[in-house]
Amino acid sequence: MNAEEFRRIGHELIDWIADYFEKIDDLPVLAAVEPGDLKAKLPSTPPAQGEPMADIVADLDRLIVPALTHWSHPSFFAYFATSTSAPGIFGELLSAAFDNKAMLWRTSPASTELEEVVLDWLRQMMGLDPGMQGIIYDTASVSTLHALAAAREGVEQRIREEGMSGRPDLPLLRVYVSEQSHSSVEKAVITLGLGQRGMRKIPTDSEFRMNAKALAEAINEDKRNGYLPFCIVATVGTTSTSSIDPVREIIPIGEEHAMWLHVDAAYAGSAAIVPEFRKILDGCERADSIVTNPHKWLFTPFDLSVLYCRHMDLLKRAFSLVPEYLRTPEEEKVRSGSDYGIQLGRRFRALKLWMVLRYFGHEGLAARIREHCRLAQLFAIWIDESDDWEIMAPVPLGLVCFRANPKDRDGLDALNEAIMHGVNASGRALLSHTRLNDKLTLRLSIGNIRTTEQHVRQVWQLLNEQLQLLR
Ligand SMILES: Cc1ncc(COP(=O)(O)O)c(C=O)c1O
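A brief report on the enclosed structure follows. Quick caveat: nothing in here was measured; it's all calculated off a predicted structure.

As a further point, take the sheet that holds strand 1 (residues 133–137). Across the sheet, seven strands lie side by side as 1-7-6-5-4-2-3; this open sheet has mixed pairing. Both edges of this open sheet fall to strand 1 and strand 3 (199–202), since each of them pairs with a single strand only. The mean inter-strand angle of the sheet, taken between neighbouring strand axes irrespective of direction, is 20°. Across the sheet, helix 8 (residues 183–191) touches strand 2 (172–178), strand 3 and strand 4 (227–235), and the angle it forms with strand 3 is around 160°.

This part takes up the nonpolar core. Ranked by internal contacts, the top residues of the largest apolar core, which has 66 residues, are Val236 and Ile273. Where this core is concerned, the elements lending two or more residues are helix 5 (109–126), helix 9 (212–224), strand 4, helix 10 (247–256), strand 5 (260–264), strand 7 (305–309), helix 13 (350–385) and strand 9 (399–404). Broken down by element, this core gets its largest block of residues, ten residues, from helix 13. Val236 has contacts with Ser243, Ile244, Val247, Val263, Asp264, Ala265, Ala268, Ile280, Leu281 and Cys284, leaving out every residue within four places of it along the chain.

Empty space within the second largest pocket amounts to approximately 350 Å³. Lining the second largest pocket are 15 residues, and of these Phe6, Gly10, Leu13, Ile14 and Leu93 lie nearest its centre. Broken down by secondary-structure element, the contributors of at least two residues to the lining of the second largest pocket are helix 1 (3–23) and helix 4 (86–98). With nine residues, the single largest contributor to the lining of the second largest pocket is helix 1. Within the lining of the second largest pocket, the residues separate by chemical class into twelve nonpolar, two polar and one charged.

Summed over the entire model, instances satisfying the criterion amount to 14 aromatic pairs. Ring plane angle 20° and centroid distance 6.0 Å describe the contact between Trp71 and Tyr79, whose orientation is recorded as stacked. In this structure Trp71 comes out as partly exposed when scored by relative accessible area, which is 39%. Assessed through its relative accessible area of 49%, Tyr79 is described here as partly exposed. A centroid spacing of 6.2 Å and a plane angle of 25° characterise the contact between Trp382 and Trp460, whose relative ring orientation is stacked. One end of the pair, Trp382, is in helix 13; the other, Trp460, is in helix 15 (residues 453–470), and 78 residues separate them in sequence. For Trp460, a relative accessible area of 15% gives the class buried. Aromatic rings pair up to connect Phe379, Trp382, Trp389, Phe402 and Trp460 into one cluster. Over the face of the ring belonging to Phe80 we find Arg443, whose NZ or CZ atom lies 5.2 Å from the ring centre.

Bringing the packing of helix 14 (residues 412–426) against helix 15 into the picture now. Helix packing for two helices is described by the angle between their axes and how far apart those axes are. Helix 15 packs onto helix 14 with a crossing angle of 125° between their chain directions and a minimal axis gap of 9 Å. Of the possible angle classes, the one that applies to helix 14 and helix 15 is oblique. Where helix 14 crosses over helix 15, the handedness of that crossing is right-handed. Counted together, Leu415, Ala418, Ile419, Gly422, Val423 and Ser426 of helix 14 and Val459, Leu462, Leu463, Gln466, Leu467 and Leu470 of helix 15 form the full contact between these two elements. For the contact of helix 14 with helix 15, the residue count by class is nine nonpolar, three polar and no charged.

It is worth spelling out the environment of Arg370 at this point. Within the secondary structure layout, Arg370 lies in helix 13. Given the relative accessible area of 34%, Arg370 is considered partly exposed. In this structure, Arg370 is in contact with Val274, Pro275, Glu276 and Phe277, ignoring residues within four places of it in sequence.

Moving on, we get to the site of the ligand. Within the structure, the ligand sits among 13 residues, and Ala140, Ser141, Thr239, Asp264 and Asn293 are positioned closest to it. Within the side chain of Asn293, a nitrogen or oxygen atom sits 2.9 Å from an oxygen atom of the ligand. In the environment of the ligand, an oxygen atom lies 3.2 Å from a nitrogen or oxygen atom belonging to the side chain of His295. Here the ligand has 400 Å² of accessible area as a free molecule, and 86% of this is covered by the chains. Elements represented by at least two residues in the shell around the ligand include exactly helix 6 (140–153) and helix 11 (294–297). Residue classes in the shell around the ligand are distributed as three nonpolar, eight polar and two charged.

In this section: the environment of Val274. Residue position: Val274 is located in the loop between strand 5 and strand 6 (289–292). The spatial distance from the C-alpha of Val274 to the C-alpha of Ser320 is 36 Å, given a sequence separation of 46 residues. Beyond its immediate sequence surroundings of up to four residues, Val274 is in contact with Ala366, Ile369 and Arg370.

Rules behind the numbers
Residues numbered from 1 in each chain as written. Predicted model: local features only at pLDDT ≥ 70, side-chain atom pairs only at ≥ 80, totals over all residues. Heavy atoms only, no water. Pairing = 2+ DSSP bridges. Helix = DSSP H or I, 4+ residues; strand = E, 2+ residues; numbered from the N terminus. Axes fitted to C-alpha atoms, helices over the stretch in contact; angles between N-to-C directions. Contact = heavy atoms within 4.5 Å. Core = buried A, V, L, I, M, F, W, Y, C linked by side-chain atoms within 4.5 Å. Buried < 20%, exposed > 50% of the residue type's maximum accessible area, 1.4 Å probe, protein only. 1 Å grid on protein atoms, 1.4 Å probe; cavity = no way out; pocket = protein on both sides within 12 Å on 5 of 7 lines; lining within 4 Å. Points joined across faces, edges and corners; volume = space filled by probe spheres on them. Nonpolar A, V, L, I, M, F, W, Y, C, P; charged D, E, K, R; others polar. Phe/Tyr/Trp six-rings, centres within 6.5 Å; stacked < 30°, edge-to-face > 60°. Lys NZ or Arg CZ within 6 Å of the ring centre and 35° of its normal. Parallel < 35°, antiparallel > 145°, perpendicular 65-115°, else oblique. Left-handed = near helix turned anticlockwise from the far one by under 90°. Near = heavy atom within 4 Å. Polar contact = N/O pair within 3.5 Å; in protein donor to acceptor, adjacent residues only side chain to side chain. Areas by Shrake-Rupley, 256 points an atom, 1.4 Å probe, with all protein chains shown as cover.

Shown next, in the form of structure tokens:
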């Protein structure tokens, strides 16, 4: 493609994206397709000859958009609502153009050094300890996997060299999480060969926070039974309810047993940039590692997860392996991303975060997150004031857990499920659910940069319409 054609198609595509955002309010949030619909419309064999870009772009409208669930829709309230932003999109575009593989400092000094600087900015914005250094991975699942690998390296059992199988000398290693922790921790435990019995789930209190006393008892019991407790994963902002584990109470328990404390703040970490919410990270100044996802609530396009770690040396010890063809004269003086993880090549993700932080500024980002939390409180007040609905968990940030509970109805699980499917099928909003105290619970997550009070009022109306239809 020559420069002239690239310029022309590029301009057209930017126009296409601008139009997409202009009309997104009118698109159905949840893709209105059945399983297999898209596959049935696509050729089953690859194109033998190249096709004109115009035909490919036309198929975006015809085939791809109808099969999209629009995460950027302002009425996307499911899971954790997230959104991209204009500077983030530009960052992705440029990163694709540069196509750097930042495995070594010299293969991308820009990516390596920008990452260090931008992550230190974010660290300051979140009020994290200067002893923490950051590194970017794709997702929180992968950040947590790396944190646990570093923690495992720290137990000094020569696991890197000897492995874990067939070793009668190796005690059974255990990680502790709350019952509300994200499944990514369990996946990391499985991947690292600790096995599911290498993880113990600690009960939570009435507000879905880890019970610190039960944690201390579990660790003591496991030690008596020959386990080696080596890591606690606390969650700041759990997936189901956004509950916040009592990190300050957990810290001394971990320290007593020389355990690693990893904090999963994948969702809520971004909120710590708002001065009045910084307290959610109370106690985290003594954590060993913390994960937060700018791709969740910092208007940075997927994917970009940050792991802050106090022991980069252990992370490096767990993963560094440098064959001759990757040796460089400057390796002692600089950081090479590939020393800190599974991947060799690394995308230039810092660029989009740099553009987002600069474009909005700390105050601009904080103002948007603050507004999301205000809208969540407003929605929670409507629920509280209604006889037909009830709140199912505290609302510390931008997530509301609730359900319909009209006086005259049994079968509340089925009713709430039907309400949710009714709202989602309308295409005008998207909600998701969880189960709390064995009750089906609806979740409304506010985190999209385009969501306004008007959108929250509309979903409240939709919910009430569905309830009237079904009662
Ligand atoms: C608390 C928590 N941790 C981890 C994750 C996993 O995030 P990712 O998709 O970046 O792996 C999620 C996802 O929602 C989450 O809510």
